[in-house]
Each structure stands twice: as C-alpha cells, then as structure tokens.
Amino acid sequence: MSCALFAVPANAVEAYAQSPANQLHEVNLAAQPLSSALRNLSRQTGIEIVFRPDLVRGRSAPALAGRSSAEAALRKLLDGTGLSVRYSGDTAILYRPSVAARTQVALTAVAAAPAPVATADAGGEGHEILVQGTYSASIAGALDRKRKANNVVDSIEAVDIAQFPNQNIAESLQRLPGVTIERDRGEGLFVKVRGLGPNFQVTLLNGQSIAVNENVRDSGQSGRQFRFDTIPSELISGVDVVKSPSADLEEGAIGGIVNIRTFKPLDLKAGTVIGTATASYVEKADKVDPNVSGLVSWKNDSETLGLLLAGSYAQRTLRQDRITGVGWQSLPDGIDTDGDGVADSGPIIAPSAVRPTLEEEDRQRYAVNAAVQFAPSDAVNLTLEGFYTRLDDHYDELTYSADIDVDSIVPGTAVIEDGALVSATSEGTTQIGREVSDMRHQNWFLGLSGDVRAGAWTFHPTAYLTRAVSETSAPITRTRLLGPVGLVAVTMPKATGTNVPSVDFLEADLDDPGQLPFRRVEWRDVRSVDTEHAFGLSTERPVEFGPVTRISFGAKYRDRSRDYDRRDVNLTSLAGQYFDGTYFNRFPYGDFLSGTSGSLPTTWVQPDPDPFWNDSNKSALESSTPSRSDLRNSYRIGEEITSAFAMADFDSMLGTMPVRGNFGLRYAHTRQTSEGYADNGTAAIPVSFTSTYDDFLPSANLVIEPANGLIARFAVAKVITRPSLSDLAPRLTLNSSGTILEASGGNPELQRFQAWQYDAGLEYYFAAGSVISASLFYKDIGTFVYNQVSDFVVDGQTYMLTAPTNGGNASVKGLELAFQHKLTFLPAPLDGLGLQANYTLTDSRASYSDTLKDDLANIARHSYNLTGFYENGPFEAWVSYSWRGKVLQSVGTNDNLSINDSAFGSLDASVSIKANDHIKVSLQGINITNAKQRQFVANNWFGGYTDYGRTIRLTARMSL
C-alpha cells in the first residue's frame, strides 16, 4: 500500500491530462429547461456536472445536435447565462464568477438522487451532482462536499447509502473517519463521533432539530440520543457529519453534528420514479423478510413547483443468542475454600450470576416523506416537508439464571486464578423467565423553510414541529418462576474466542415444568413523548469589506418537552404454586448457543404467559392512582432555548495562497424545568427545579490552499452539550427483579458540559475523487458529568444507586487518517479497483475528583474502516470491514467489575449488476464472518456474549 501511495500522484497527473471533457461525443439535446439539458449532457458524454440548482432555475437551453466535445457543448448551453465552468478532472463545476461565490458548509435541506444524485454545500445552496449511479461517483461527490466546505465535515451520499448492505444510515456512517456506532440486536442504533458517546452528538433533519425516541424496553433511558433504527436509508439523499461548528449551526454537540438530508423535488429530474424491493434472509431466525420502498417526484415545465412522495415498508425478524446479566462481586475478605469456616482465599473477585438468554423480535417499520417546493422566481424558494416514521416491535425473551452462593461452596471445588474465583460448586437458585412486549416508536416532523431574496439580502425563514412517541403498545409482561435447585457447578472462562461459561445443574432439570414454583407476573406500561416546536429567521448578504465576502446573522426560538410516564404492577396471587406442562411451551430451537465451547443447558421450559396471566388476580391493575414507585419513575422536562448568531465569511489571498473561512459568535439562553418525585426513603415527594444559563460560543474556521490540490484546515470553537434529559429528571428507578439491589437516578442540578475544541488537518486531493488526509483534534471539557455509585436506603433496604453528578474536567484528543482513490492507473480490467481506508486514534483523560484521574468511559481508543470496491461496466462489488477496539466502563468512579465491551469488527459486502439503465440487482451480506460481540471484566474474565448471526439481502432497484 505504501508503494501505491507514492505512485499515485504521478499517475494522477497523467489522468488529468486525458480529460474526457475534450473527447468527442454524439450530442442530441432538444430545447428544454437548462437543468434537464445539463443532466442529459452528462449522460451522453459521461462527464459529471456540478451546479447549484438556484443558478439554473427558470433558465432554458437551446437544442444541440451533432458530434461535439462536452466542453464545447456545455459552453453553448451556458451562453448568455453569465455562468462559468471550472474543471476538476472529469468534473465540470458551474459557478457565477465572483469572489463571494464561495460558500461554507451549512445544514439546509439539499437534494440528492441515485441518478442523478444531488448534494449540497452547507450554506444552504444545493449542488446537484449528476452521476451514473456508481459507488465511486457517490464517494467522489461526498469528497467534493468535504473539499469545498469551510468546516471540518465528512459526508455520505445517496448511492453510497443505497448500495451498501445497510439496515439504516448509522451503519453507513460508521465508514467515515472518527465515526463509530453502538449496536442493538445486531443493528446500528446510536452514532458516536471522535470517541464521545451518543449524548454528545446533535442529530438534525435538513438542518433542523428532530425529536428523539426513547428506550421503552427496560428502565435504562437514552436521553437525547437519536435512534437511527427508526429512519430507513432508502429515503435519505445524504448525511453530513460536521466536526467543527460555525456560529450559524445549532449548539449542543461536543462530538459532532449529524445532519440527515432528504430529497427535494426541484433538484430531481421531472418524472423521477424509483422503486426497490428487497428480500432479507436472517440466518439465525431462518426467516425471509420483505422490504419495499419507492419515490415519485414531479415538477412543472418552468421548474417553479415540485412535488415529491416517498415511502418505505420493511419487516425484520431477528434472533439473538446471548449470555447476559453476568455479575461479578469483590470479596476483600475472601472465601472459605476448605469448609473449616475460615476465609482462606485472600481477596478475590467472584461471579454471582450468569443468565443465558434467547431474544426474538419481529419488527415492522413504516416511513413516509412528502415535500412541496415552490420557487416562482429566483427570489423565492420555499419547501414544506413532512416526515413520518413508525417502528412496531414485538419482543419475546426466554431466559434462566444460575445464581452462585459463595457462602455455600462445596469444600475442594473452588478454583482461583489471578485473584478470581473461576470455578466452584455451590448451592444455587434459578429464575426462569419469559418477557413479552409490544413497543411502538413514532416520529413526526413538519417543517417550512426556504430562501427569500430582497435586493442584496437573502432571508431564511424556518418553522417546524417535531414529535416522537415511544410506548409499550401492549404492556411488558414478565412471567417468573424462582426457587432453589440444589448444587450448581459453574466455570467462568476468559472472554476470548468461542468461550462461554459452563453451568451444570447437578440436582435439577430445567426442562421439568414442576422444577420451580411460580414467583410473579411483572406488568409495566411506559410512554415517552418528546416534542419540540421552533421558529427562526436568519439573513445574509454579500459584502466587499476587505477579505470579508459575506455577513449573516439570525435568531431562533425552540420549545422542547419530554414527558415520561411509567407504571409497574406485580401480580403475586399465584406465588409459591407449582404448575404442570399445560402452562409451558417447548423451547423453540435446538441450536441455542451453537458453536460455543461452554457446556450449559441450551433448552429449558418456556412459560406460556397467557394461562399464568389469566389465573392471576389482576385487581391491582384496576386502580388509576399511581403508586409511589410509579411516581418516582415518571417525570417531565421542559426546555426553552433562545439563540442568536452573527457570522462573517472571508475569501482572500495570502500571498499566492487562497484563504477562506468564517468566524462568528453564537449566543444561547437555556431555561430548564425538571418536575417529578423525589424519594426520601419512605415516601415520594413532588419536586420541581428550574435553572437558567447563558452561553457565548465563538467559533472560527480557516482553510488555506498552499498548492493546487493541497488544503490545510484549522478550526477553534467553544461548544456545549446539555445533560441527558433522563439525567436531569428527579427520578429513582429500583431494579424490578427484587433479587438484585441496584437502582438508578437522576440529578436536576446537573450543569451542561462545556468545552473548547481545536482542529488542524492537511488534505491532498491528488486526483479526481481521491484524497489522502490527516487531522488532529483536541477537546478540553471544562465541566464534566459522570456517574457516581452510592448506597441509598428505601424502605429499610439498601440499594446501590448509580446517579450522575457534576465533576471536574476531561480532555479528548486524537488523530484521523484517511485515504480514498480509484486505481485507474492499473491496467484493464484492474483499473476498476478502488480503496477507501481510515483510522482514528482517540485518547481521553478525566479528573473525577482532586485525587481520582482516569480515562473517560465508553470510548474506543482505536477504530478503522477498510473498503475495497470494483466497477467494470455493469458489474460492481464492494467489501467493507469496520472495526473498533475495546470500550471500557471500568474507569473513574466505576469499579473494575464493570462490564466492558471487547474489540469488535464486522465484514459487509455487496455484488451488483445493471441489467440496463433502469434496473439493478444486488446481492448483499451483513456480518459475513458471523462475528460475535463479547464483554469482559477485570483481567479479561467473561462478562457477556451476543450472537446475532448473518443477514443476506437480495435487492432489485428500478429507476426511471
């Protein structure tokens, strides 16, 4: 690879000299709107044409016929328009000659289509990139956005998203430098930028905030983290990840701003029709799931009115084989290993529980996107857009536990290695459970935005309403049996390879329905409503004031609320009774945890929830009065944010070097109200907290071009991240099992995170669609929030309470390396090969107190992505491997028995062939190597295991 890197520039120069813009083609264009003529010229000549839609809107093009070069034909089409062309390899870029024509990256709605694919710069003026629907053209378009941006930004475009075997756009984003994801049930759920957790990111839809769905499966809450499994990638034109903010961008992201862009009708060709149909085979569930999507776009001949409607429906069946609920305990006084009543092992750690678990889900996801775009003149361009998604999820969990009692270890059976009890036989108890629930996540977005020009001024009005509802459409029910099972032998391995614990029930049979007495049915109903409405106005105008070429300023008001309600009831009227086989089902699979090296029960009796539910006394459900537990689990957060900004763009020369960028100041006033119930140990008491704070957030971005194709970037900004909404809640949640005395809580007096961040980087664009780059970043977090563990007494019972608290400071620094190139210098047919590669190193440090300093939790030190692609005529293929290193939780105030994530890598691939210009068929694979997720505790002892298997997808795509 090193040889290739040094060889590329010389070959790239030769490639530039053979520009296709000068080659002759048969050109046949009827008189038509200029935008349509440019599209058709691109198809007939193979040259990519990049332009802002507003530059050509309302203009007409003359008819052209005959043999001509693309350059000559383009010159005739643009005659009299005042537009000029700049060539970059095989790309023609249209622009209006003016120093002020340079624009920065902003987050306004922009369009992209598979053929053509539309992209945009961040200043809100879309660039339409006409491509032939190839992956290489897509990543070249995304790279063009990065190159022109004033901010530090990385992008993915529609072909990139559509052609990889992605279940959602989070899985596409993980291939960008500095971006990793958190998975749930084998699907990308949350996005992390430069190591910082999902709560440090801001997710926008077309530049505006979008409501956030909450976790209603269990009592762990996500807060501000956007769930990417709710939005299908088929409806998305592109995504930008902005790593260095500017004053005109929403505050709230110490990590990065993730802006999701949808299609716009005036930026697509008239009569665009796109449809896809996918069949997905989920190996572990042995099920084929359908996925269909479609897009229809229309605009009138004058291109002043456009309509768009897009929709998607997908089913997803999944199965996960897991070992979870693994508990370890610290025993500083040791244990008695020989039965003489005296602890003789010395200080050790010991396992307390193991919980093999089978999880199944049936998901159905619906999504609709509609847009009306009105541009009666060059002075007015308004878009009214609606977006709706719904995810229905039926969840079914089968589990049993092996609980270890270190006080009853059989003498002579204890095995201790490296200070850990790794094998022993003791008296044990077991809980067999069945959890069934139906969950629904809905997300609405309705927004009006656009541009209105008045003289030299351009105004950008915006107003939107967004709402996310997450609820248990059918309450969670957990059917539990619990009792002693005699002697249990447990062996805990290292968290490597195919290792899982060995569990041997020496005196019990988990397939016997009469083995355990009934314990209870746990009933839970949860509803979370996240709502935001906002309106704002910004304006800008070109100026000639020294190097300053544009000024802009604006203001915005946002009103957000989070209502979280939870109700729990335990039905115990059948407690202690034994039931026959009519109350149970057979275990559904014979290959649970297949391929692992441990020995443990892989089948057990499966409680049928219905007969237990029907026989239980349900009178407790009739009460409409919330219980003390319900009150302390429920809360309401209100948040009003008033913000304003002023910013200037500059574009000048420093000697012979072009220099551009922006500088500005953002102001944000935040008023937060937290309402709920605090528990004093004996009663739930209503409380309300209000806090206000002001932030002045300066920022600057500088781009220098010291040589042709070479760009140096520098950025500095003050940034904030507001605390998680659930962390701000005055709430207290006790572990509902009653056997594990743990609790979680909130803290309405949390301060926001504040940080200064710095960026510096070099990018060398040595050929069209190619780059090699290196970037350094540093984030100095002056106010820091971390979780603190303490004892808390409720009704005479001591719980281990985990709650957030204000702390000292922290820092995150790192390095990003990236390379992208299509290897056209190779001889045919190898000239269709290409490579993308990136690597991120992240280092963190936090002061949790004056004497306690450690790494930050939930950060992977190393991550990388490798993608190889090949294109030859109608044939295309991609292989992509994404890897991130281990992620530690046992840092700071967490002990060394916290569950950490082992390193994990996933291999995905796609092979496709174009039957003609309109039909493409693809075969795709997800997690081809069948990688497993693992967790560990101190000294790499086993902490958890998840196997979600492979997925194979066959997709047919039609476009007109």
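Cut-offs used in this document
- Within every chain, residues take consecutive numbers counted from 1 along the sequence as written.
- Confidence filtering applies because this is a predicted model: local features only for residues at pLDDT of at least 70, side-chain atom pairs given and counted only at 80 or more, and all residues used for totals across whole chains, interfaces and linings.
- Where side-chain values are given, they derive from all heavy atoms of the structure, hydrogens and water being excluded.
- The helix and strand labels rest on DSSP assignments: H or I over at least four residues marks a helix, E over at least two residues marks a strand, and numbering proceeds from the N terminus.
- The globule rule used for comparison is 2.2 Å times the number of residues to the exponent 0.38, while the radius of gyration itself is calculated over C-alpha atoms.
- Only protein chains enter the accessibility calculation, which uses a 1.4 Å probe; a residue whose area is less than 20% of its type maximum is buried, one above 50% is exposed, and one in between is partly exposed.
- Throughout, a residue-residue contact means that at least one pair of heavy atoms, one from each residue, lies within 4.5 Å.
- Each accessible area value is a Shrake-Rupley result obtained with a 1.4 Å probe; residue values ignore everything except the protein chains displayed when judging cover.
- Side-chain rings of Phe, Tyr and Trp, where Trp is taken by its six-membered ring, are said to pair if the distance between their centres is within 6.5 Å; with planes under 30 degrees apart they count as stacked, over 60 as edge-to-face, and otherwise as tilted.
- Ring-over charges, as used throughout, are those where CZ of Arg or NZ of Lys falls within 6 Å of the ring centre and within 35 degrees of the ring normal.
- Any two strands are treated as partners once DSSP identifies two or more bridges connecting them.
- For every element, the axis is a line fit to its C-alpha atoms; helices are fit only across the contacting stretch, and the angle between N-to-C directions ranges from 0 to 180 degrees.
- For the purposes of this section, nonpolar cores are sets of buried Ala, Val, Leu, Ile, Met, Phe, Trp, Tyr and Cys residues that join through side-chain atoms within 4.5 Å.
- Take a side-chain nitrogen of Lys or Arg and a carboxyl oxygen of Asp or Glu: if they are within 4 Å of each other, that pair is a salt bridge.
- Nonpolar side chains (Val, Leu, Ile, Met, Phe, Trp, Tyr) are joined into patches within 5 Å and like charges within 9 Å, using only residues with over 30% relative accessible area and no salt bridge.
- Here roughly perpendicular refers to angles of 65 to 115 degrees, roughly parallel to angles under 35, roughly antiparallel to angles over 145, and oblique to all remaining angles.
- Each residue gets one label: Ala, Val, Leu, Ile, Met, Phe, Trp, Tyr, Cys and Pro are nonpolar, Asp, Glu, Lys and Arg are charged, and the others, such as Gly, are polar.
- Asp and Glu count as negative and Lys and Arg as positive, but His and the ends of the chain are not part of the count.
- The atom standing in for a charge is NZ when the residue is Lys, CZ when it is Arg, CG when it is Asp and CD when it is Glu.
- Within 3.5 Å is the distance limit for a polar contact, defined as a pair of N or O atoms, with the added protein rule that one can donate a hydrogen and the other accept it, and that residues adjacent in sequence qualify only through two side-chain atoms.

(A) Region of the structure containing the overall build of the chain. Within the chain, the secondary structure is distributed over ten helices and 51 strands. A compact globule built from 960 residues would reach a C-alpha radius of gyration of about 30 Å, and the chain, at 30 Å, matches this within 12%. Expressed along its principal axes, the backbone C-alpha trace of the chain runs to roughly 95 × 60 × 50 Å. Taking all 960 residues of the chain together, 59% fall into the buried category. Long-range contacts, defined here as pairs at least 24 residues apart, represent 71% of the contacts in the chain between residues at least 6 apart. When the accessible area of the chain is evaluated, it comes to approximately 35400 Å², of which 55% is carbon and sulfur surface.

(B) Expanded view of the packing of aromatic side chains. Tallied over the full model, the rule gives 27 aromatic pairs. Ring centres of F445 and Y464 lie 5.7 Å apart, and the angle between their planes is 20°; this geometry places the pair in the stacked category. Residue F445 is found in strand β24 (residues 420-454), and its partner Y464 is found in strand β25 (residues 457-491); the two are separated by 19 residues along the sequence. With relative accessibility at 4%, the residue Y464 sits in the buried group. Positioned above the aromatic ring of W457, the side-chain terminus of R541 is 5.2 Å from the ring centre.

(C) The arrangement of the sheet that holds strand β40 (residues 797-806) in detail. Strand order in this open sheet of four strands is β35-β36-β40-β39, and the pairing throughout is mixed. The open sheet has two edge strands with one neighbour each: β35 (732-734) and β39 (785-794). Across the sheet, the axes of successive neighbouring strands diverge by a mean angle of 25°, strand direction being ignored. Where β35 lies against strand β36 (residues 742-745), three bridges are found, and the strand directions are antiparallel. Among the inter-strand pairings, L732 is bridged to a residue of β36, identified as G745.

(D) Here's a closer look at the environment of P588. Tracing the chain through its elements places P588 in the loop between β29 (584-585) and β30 (606-607). Residues P588 and T603 lie 15 residues apart in sequence; the distance between their C-alpha atoms is 8.5 Å. Ignoring sequence-local partners within four residues, the contact set of P588 consists of L358, E360, L398 and Q606.

(E) Spotlight on the nonpolar core. Of all hydrophobic cores here, the largest spans 46 residues; its most connected members are I323, W328, F505, W604 and F612. Per-element tally for this core: the top contributor is β25, with four residues. Every residue in contact with F505, bar those within four places of it in the chain, is listed here: Y400, S401, A402, T430, V485, L487, V488, L510 and P601. Core analysis: the next-biggest nonpolar cluster, separate from the first, contains 33 residues, F226, I236, L295 and A310 among them.

(F) Representation of the pattern of salt bridges in the model. Overall, the coordinates contain 64 salt bridges when judged by the stated rule. As a salt-bridge pair, E187 and R316 come within 2.9 Å of each other at their nearest N and O atoms. Here the residue E187 occupies a position in strand β12 (residues 187-193), and R316 occupies one in strand β19 (residues 305-331), the gap between them amounting to 129 residues. Of the residues examined, R316 reaches a relative accessible area of 15% and is grouped as buried. Across the salt bridge formed by R660 and E705, the nearest N and O atoms sit 3.5 Å from each other. Of the two residues, R660 sits in strand β32 (residues 657-679) while E705 sits in strand β33 (residues 684-707), which places them 45 residues apart along the sequence. Residue class for R660 comes out buried when judged on its relative accessible area of 5%.

(G) Quick peek at a nonpolar patch on the surface. Among the surface-exposed residues, Y281, V288, I913, I919, V921, L923, I952, L954, M958 and L960 lie close enough to one another that they form a single nonpolar patch of about 810 Å² accessible area. Those elements that place two or more of their residues in the nonpolar patch are β48 (919-926) and β51 (951-959). Classification of Y281 by relative accessible area gives partly exposed; the value is 30%.

(H) Representation of the packing of helix α2 (residues 34-45) against helix α4 (residues 70-77). Their axes nearest at 11 Å, the elements α2 and α4 cross at an angle of 175°. One finds that α2 runs roughly antiparallel with respect to α4. For the pair α2 and α4, contact is made by L34, A37, L38, L41 and T45 and by A70, A73, L74 and L77, respectively. Considering only residue class, the contact of α2 with α4 consists of eight nonpolar, one polar and no charged.

(I) Spatial organisation of the sheet that holds strand β13 (residues 202-205). Here five strands make up an open sheet; going across it, the order is β10-β15-β16-β13-β14 and the pairing mixed. Two strands close off the open sheet at either side, each with one partner strand: β10 (153-157) and β14 (208-209). Strand direction decides the pairing type here: β13 and strand β16 (residues 257-262), joined by four bridges, are parallel. Along β16, the bridge assignment pairs L205 with I260. Against the sheet, helix α5 (residues 135-148) contacts β10, β15 (236-242) and β16, and its axis sits at roughly 150° relative to β10.

(J) Local environment of the environment of I772. Inspection of the secondary structure puts I772 in strand β38 (residues 770-783). Take I772: its relative accessible area is 32%, and that puts it in the partly exposed class.

(K) A look at the pairing of strand β50 (residues 941-947). The element β50 is extensively covered by neighbouring structure, given that seven of its seven residues are classed as buried. Pairing between β19 and β50: three bridges, direction antiparallel. Paired with D321 across the bridge in β50 is D947. Taken together, the five bridges between strand β49 (residues 933-937) and β50 define a ladder with antiparallel strand orientation. Counterpart to F936 in the pairing with β50 is F942. The hairpin turn running from β49 into β50, its antiparallel successor, is three residues long, and N939 in that turn takes a positive phi close to 60°.

(L) Broad picture of a negative patch on the surface. On the surface, a cluster of negative charge is contributed by D405, D407, E427 and E507. For D407, the position within the fold is in strand β22 (residues 402-409).

(M) Geometry of the environment of D344. Positionally, D344 belongs in the loop between β19 and β20 (348-377). Sequence separation of D344 and D333 is eleven residues, and the distance between their C-alpha atoms is 8.5 Å. Apart from the residues within four sequence positions on either side, D344 is in contact with I335, D336, T337 and D338. Of note is the side chain of D344, whose polar atom sits 2.7 Å from the side chain of T337.

(N) Highlighting the pairing of β48. Bridge count for strand β47 (residues 904-914) against β48 is six bridges, and the pairing is antiparallel. Paired with V911 across the two strands is L923, which belongs to β48. Linking β47 back to β48 in an antiparallel pair, the connection comprises four residues. Where β48 lies against β51, eight bridges are found, and the strand directions are antiparallel. Bridge pairing links K920 to R957 in β51.

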